[in-house]
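Remarks on the overall topology
The lines below spell out each chain.
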Amino acid sequence: MITLFLVVFLDLVGFGMIIPVFPFYAEQVGVNPASVIFYLGLYSLGQLVGAPIWGSLSDRIGRRPVLLVTLLANAAASSMLAFSTTESMLVLSRIVAGLAAGNISAAYAYTTDITTDETRPRALGLLGSAFGLGFILGPALGGLLAGGNESDPNALARVAHGAAVMSIIAFVLTLFRLPESLPPAKRAQGKAKRGSMTAYLKRPVLRDLLLATVIVVASVALFQSTLALWTADRLGVGPRTLGWIYGFVGVISVAVQAGIIGKLTKRFGAASLTRTGALLIGIGMAGLPLVHAMPWLLVALAVFGVGSALFNPSMSGLVATAAAP
């Protein structure tokens, strides 16, 4: 589990490094501010397509090969981004990165392979804390590499190359230190039980959980895609400061997911924590338009961070339970 934690952490560091700098340098390539959200959305579009495919493929060939391939694809996408000088290159790099991000489904599947119903909430919380730590170090490191000058033409290349290095390190760790969690015998059993996507969606509980996830993730995506340009306009924030802001949210997330999510789940249940998390996410984002100073921005983002830390692992636990073996 520790090796998987490190792999996900490094992968998310690479992803997080891109977040605070991409909107600024997309504009340098010629993308107008209103279209930056579209380019960021291409990543999510790729993830929407890739996640079910990689998840299903990992059931057939194992989790480890999927993680290896997608980590290499992540490195390739980051390298492609480093040399992007046109809008079409940006589009391609974001789509490839999104498709490769389907490895997250394989990481969650790996976790369910090696845990029981009793140990799963804590393990998913630990995996979630890897995401949080990635969002602490990733954006902060990306902002540091980019510097405070948002017009520096070499800043994106430095950050993108750094993200590629993180994915390569995660690939090496997976190759040499991460054993397969789904041996051939279990794959055969899973193949016999596996249904189609429509069969999953016909199960009311699972369908409703997936729908709720889509709604929350969509709202968070709207928030994340506009935060950089909005803070730059409202508060005069540049890439470096924005990196530290994202890092602050990551600290909140890690504190909740690594520290108390297991105890909270035992006391209140995953369903209650999922509802509470969704509510706090909404409250945090609703407070942002009222912000005109950095302290209040951090308060709103803290509420959002706690909500995300409660929602993500709790929802994953509910989905794992509703899906059955």
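In what follows, the structure referred to is the one given above.
Rules of the game
- Residues numbered from 1 in each chain as written.
- Predicted model: local features only at pLDDT ≥ 70, side-chain atom pairs only at ≥ 80, totals over all residues.
- Heavy atoms only, no water.
- Helix = DSSP H or I, 4+ residues; strand = E, 2+ residues; numbered from the N terminus.
- Contact = heavy atoms within 4.5 Å.
- Core = buried A, V, L, I, M, F, W, Y, C linked by side-chain atoms within 4.5 Å.
- Buried < 20%, exposed > 50% of the residue type's maximum accessible area, 1.4 Å probe, protein only.
- Salt bridge = Lys/Arg side-chain N within 4 Å of Asp/Glu carboxyl O.

The subject of this paragraph is the side chain of threonine 111. Looking at where threonine 111 falls in the secondary structure, it is placed in helix α6 (residues 103–113). Once residues lying within four places of it in the same chain are set aside, the contact partners of threonine 111 are Met1, Leu4, Ala123, Leu124 and Leu127.

Before going further, it helps to spend a moment on the nonpolar core. Among soluble globular proteins, nonpolar side chains are generally buried collectively. Ranked by internal contacts, the top residues of the largest apolar core, which has 71 residues, are Leu4 and Val8. Ranked by the residues each element gives to this core, the list is headed by helix α1 (residues 2–18), at 10 residues. In this view, valine 8 contacts Ala107, Leu127, Ala130 and Phe131; residues no more than four positions away in its chain are not counted. Listed in part, the 5 residues of the second largest apolar core include Val256, Ile261, Ala309 and Leu310.

Turning our attention to the pattern of salt bridges. All chains considered together, the criterion is met by 3 salt bridges. For arginine 63, the salt bridge is made with aspartate 113, and the minimal N-O distance between the two is 2.7 Å. Here aspartate 113 lies in helix α6 and arginine 63 lies in helix α4 (residues 63–82), a separation of 50 residues in the sequence. Residues arginine 207 and aspartate 208 are paired through a salt bridge, measuring 3.5 Å at the closest nitrogen-oxygen approach.

Let us look at the environment of leucine 137. Structurally, leucine 137 can be placed in helix α7 (residues 120–146). Taking the C-alpha atoms as reference, leucine 137 lies 24 Å from valine 36; in sequence the two are 101 residues apart. Sequence-distant contacts of leucine 137, that is, excluding residues within four places in its chain, are made with Phe9 and Val13.

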